[in-house]
Amino acid sequence: MSEGYILSLILALPFLGALLVSLLNKESRNAIRILGLAFSGGAFVLSVWLFIMFDGGNPDMQFVEKYAWIPELDVSYFVGIDGISLLLVVLTTFLTPIALLASWESIESKLKGYVALMLLLEVGTLGVFMALDLFLFYVFWEFMLIPMYFIIGIWGAAERIYAAIKFFLFTMAGSLLMLVAIIWLGYYASTQPDGFFTTNLLKLYEIAPGIPMGIQSWMFLAFTLSFAIKVPIFPLHTWLPDAHVQAPTAGSVILAGVLLKMGTYGLVRFCLPLFPYATFTFMPYIAALGVIGIVYGALVSMVQPDFKKLVAYSSVSHLGFVVLGIFALNEEAMQGSVIQMINHGISTGALFLLIGMIYDRRHTHLIKDFGGLARVMPVYAAFFMIVMLSSIGLPGLNGFVGEFLILVGSFKSKYLGSHWFAILAATGVVLTAVYLLWSYQRVFFGKLENVANQKLKDLSVREWAVLVPVVVFIVWIGVYPHTFLQKSELASKQIVEQIQDAWKGFRVASAESIVSTASESASR
């Protein structure tokens, strides 16, 4: 297999699958399901090969492909991956066939459109993680909105239209600001000596840090707002619970597992290296919002009567850790944030899978409608317990690795300037244990009083096939995270070193600004 085209092949497989599914007769339901699973599974197989062939000792972009698209503006089909985007590509291709298999029996209406849109959603998310051209990145970023909008709006619950529109408007609002910033960056490149308009990310890495501080701050805010909405960072999170509760199970899995990571990935890939001086200016405020999100998300989760909404708010809390780790600006915290993106995708995605399985049987998410389920569904209860403990951060399971690295890195960060960021964030671990253990106790233990729960069937063979691979990764990352951390180590280190090199210039510029201000005041 040619390494030169592997990324395009991974992108093309789900796109080709979507086209073929759309050509099938809508009555060929099994063929539609099998074709969707085959093409998404094929993309996962290719991504595994990509993972094996990836050189963890090289921090630069690998498997690069570049073809001219709009030569006059230096816009190209330019894709490539480093260790950070590699892990997110593998996560995306892993969760998509899992989500399709999970919805094998639950989606009955408009099945052909559903499978095609799920595959197109995979194309959009993969493109975001692979793109090395800002225009191409923006195309994939916007393209992703369309299938997700329809998945929520057509196959969602009673308030699906409201949730779909809210999701679309929030994301689109931030995206438009990012588009303006992308155009301005291209224009700024053209104003340099021998410069020309370009959206080539690698060229802009060299040019953008030289943008004057005042304008750089506006550029940073334009990009960051778009990514903060997608994460989402408190207080821009209000679209998320509605989208999760109303979306079908597979939609919630991909939304939590992959789409939210587009925001944190954007912060790492674009905001930090393009705008290092603005990063230092806004770093304590964004880190503070991350900590607020950790505590706020956990407290709100604690009082939720709806199990699905509880898990939705838990994402605000867990991704607050990722945001804090990114802006701690040291290697331990950055590595923790990268692996925590993967951990959250697996563990929270699994929680939505499990909630979807009980919803298929009872058609309710309300915690009060359950109780004593461990008596009739012991295998289901065992799987739920493993996933729940991974989300809490139990040592030996995946969640512990990311949170530990983030807390250690944040505590020792000389850029945050205070241990309190890490100390307050650590309370989120305790609060997470409270709301997850309490909800587990109410759902699975106690008396089996509800008649509707007494004849529930335990997991089927298909549901075993959905959950076992997820649990394998939960344990694998928890016991031997080196397999994954070694792939992203040098890429994370390179970004951190770029930021740390800019720190000296930022301190000099800040000192000069203070002296200038003082001189002006004295002259008056």
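Before any of the text, the structure's been laid out above.
As the structure is a prediction and not an experimental result, all values here were calculated from the model. (Residues numbered from 1 in each chain as written. Predicted model: local features only at pLDDT ≥ 70, side-chain atom pairs only at ≥ 80, totals over all residues. Heavy atoms only, no water.)

K.L.:
Help me out: how do you make sense of helix α8 (residues 213-230) in this one?
P.N.:
For the α-helix, the turn length of 3.6 residues means that residues three or four positions removed from each other point alike. The first and last C-alpha atoms of α8 sit 26 Å apart over 18 residues, in line with the 26 Å expected at 1.5 Å per residue. For α8, the full list of buried residues reads Q216, S217, M219, F220, A222, F223, T224, S226, F227, A228, I229 and K230. Looking at the packing, one finds that the buried side of α8 touches α5 (134-155), α6 (160-190), α9 (239-246), α10 (249-274), α11 (276-302) and α12 (307-328). (Helix = DSSP H or I, 4+ residues; strand = E, 2+ residues; numbered from the N terminus. Expected span 1.5 Å × (residues − 1). Buried < 20%, exposed > 50% of the residue type's maximum accessible area, 1.4 Å probe, protein only. Contact = heavy atoms within 4.5 Å.)

K.L.:
Explain the pattern of salt bridges here, please?
P.N.:
Two side chains that carry opposite charge are able to pair once their charged atoms sit near each other. This structure, assessed with the given rule, holds eight salt bridges. A salt bridge links R29 to E108; its shortest N-O distance comes to 3.3 Å. In this pair, R29 sits in helix α2 (residues 29-53) while E108 sits in the loop between α3 (83-102) and α4 (111-130), placing the two residues 79 residues apart along the sequence. A salt bridge links E332 to K412, with the nearest nitrogen and oxygen atoms 2.8 Å apart. (Salt bridge = Lys/Arg side-chain N within 4 Å of Asp/Glu carboxyl O.)

K.L.:
I tried to follow the nonpolar core on my own but got confused; where do I start?
P.N.:
The nonpolar side chains of soluble globular proteins are, as a tendency, buried together. Counting 186 residues, the largest nonpolar core has F223, L259, F327 and F384 as its most contacted members. In terms of residue count, the dominant contributor to this core is α10 (16 residues). Once residues within four sequence positions are removed from consideration, F223 is found in contact with L134, M178, A181, I182, L185, F270, C271 and F275. (Core = buried A, V, L, I, M, F, W, Y, C linked by side-chain atoms within 4.5 Å.)

K.L.:
Help me out: how do you make sense of empty space enclosed by the protein in this one?
P.N.:
Gaps left between atoms show up when a probe the size of a water molecule is rolled over them. One pass over the full model with this rule turns up six cavities of 30 Å³ or more. F51, L87, V90, L91, F94, I342, I346, F473, I477 and F484 are the residues that line the largest cavity. Residue assignment for the lining of the largest cavity shows that the elements contributing at least two residues are α3, α13 (331-362) and α18 (461-479). With four residues, α3 is the largest single contributor of residues to the lining of the largest cavity. Within the lining of the largest cavity, the residues separate by chemical class into ten nonpolar, no polar and no charged. (1 Å grid on protein atoms, 1.4 Å probe; cavity = no way out; pocket = protein on both sides within 12 Å on 5 of 7 lines; lining within 4 Å. Points joined across faces, edges and corners; volume = space filled by probe spheres on them. Nonpolar A, V, L, I, M, F, W, Y, C, P; charged D, E, K, R; others polar.)

K.L.:
Teacher, can you tell me more about the packing of α13 against α18 here?
P.N.:
Packed helices, taken two at a time, are described by their axes: the angle between them and the distance between them. Following both chains from N to C, one finds α13 and α18 inclined at 155°, their axes separated by 10 Å at the closest point. Judged by the angle between their axes, α13 and α18 are roughly antiparallel. The handedness of the crossing between α13 and α18 is left-handed. In this structure, α13 contributes I339, I342, N343, I346, S347, A350, L353, L354, M357 and R361 to the contact, and α18 contributes E463, V466, L467, V470, F473, I474 and I477. (Axes fitted to C-alpha atoms, helices over the stretch in contact; angles between N-to-C directions. Parallel < 35°, antiparallel > 145°, perpendicular 65-115°, else oblique. Left-handed = near helix turned anticlockwise from the far one by under 90°.)

K.L.:
What should I look at first to understand the pairing of strand β1 (residues 62-70) in this one?
P.N.:
Looking along a regular strand, one sees side chains alternate from face to face of the sheet. Pairing of β1 with strand β2 (residues 75-81) involves six bridges; the strand directions are antiparallel. In the sheet register, Q62 faces β2, and the bridge partner there is I81. Linking β1 to β2, which pair antiparallel, is a turn of four residues; within it D74 sits at a positive phi near 55°. (Pairing = 2+ DSSP bridges.)

K.L.:
Please explain the environment of W184 as it appears in this structure.
P.N.:
For W184, the location among the structural elements is in helix α6. Taking the C-alpha atoms as reference points, W184 and T199, 15 residues apart in sequence, are found 10.0 Å from one another. In this structure, W184 is in contact with I211, I215 and M219, ignoring residues within four places of it in sequence.

K.L.:
Mind showing me how you'd approach a nonpolar patch on the surface here?
P.N.:
On the surface, W464, V468, V472, V475, W476, V479 and Y480 cluster together into a nonpolar patch covering about 650 Å² of accessible area. Turning to its location among the elements, V468 is positioned in helix α18. (Patch = residues over 30% accessible without salt bridge, like charges linked within 9 Å, V, L, I, M, F, W, Y side chains within 5 Å. Areas by Shrake-Rupley, 256 points an atom, 1.4 Å probe, with all protein chains shown as cover.)

K.L.:
Looking at this structure, how should I read the packing of aromatic side chains?
P.N.:
The way to describe two aromatic rings as a pair is by their centre distance and the angle between their planes. Under the defined criterion, the tally for this structure stands at 34 aromatic pairs. Relative to Y440, the ring of F384 lies with its centre 6.1 Å away and its plane at 45°, an arrangement referred to as tilted. With F384 in helix α15 (residues 378-392) and Y440 in helix α17 (residues 420-444), the pair connects residues that are 56 residues apart, well separated along the chain. Y440 shares its class with F384; the two are buried. Feature note: the residues F44, F51, F94, F473, W476 and F484 constitute an aromatic cluster, connected by ring pairs. Over the face of the ring belonging to W141 we find K230, whose NZ or CZ atom lies 5.4 Å from the ring centre. The aromatic ring of W438 is capped on one face by R442, whose charged end is 3.8 Å from the ring centroid. (Phe/Tyr/Trp six-rings, centres within 6.5 Å; stacked < 30°, edge-to-face > 60°. Lys NZ or Arg CZ within 6 Å of the ring centre and 35° of its normal.)

K.L.:
Help me understand the side chain of T483, please; the structure alone is not making it clear to me.
P.N.:
For T483, the location among the structural elements is in helix α19 (residues 482-523). Engagement of the side chain of T483 in a polar contact is seen with the side chain of W476, the distance being 3.2 Å. Setting aside chain neighbours within four positions, we find T483 in contact with F51 and W476. (Polar contact = N/O pair within 3.5 Å; in protein donor to acceptor, adjacent residues only side chain to side chain.)

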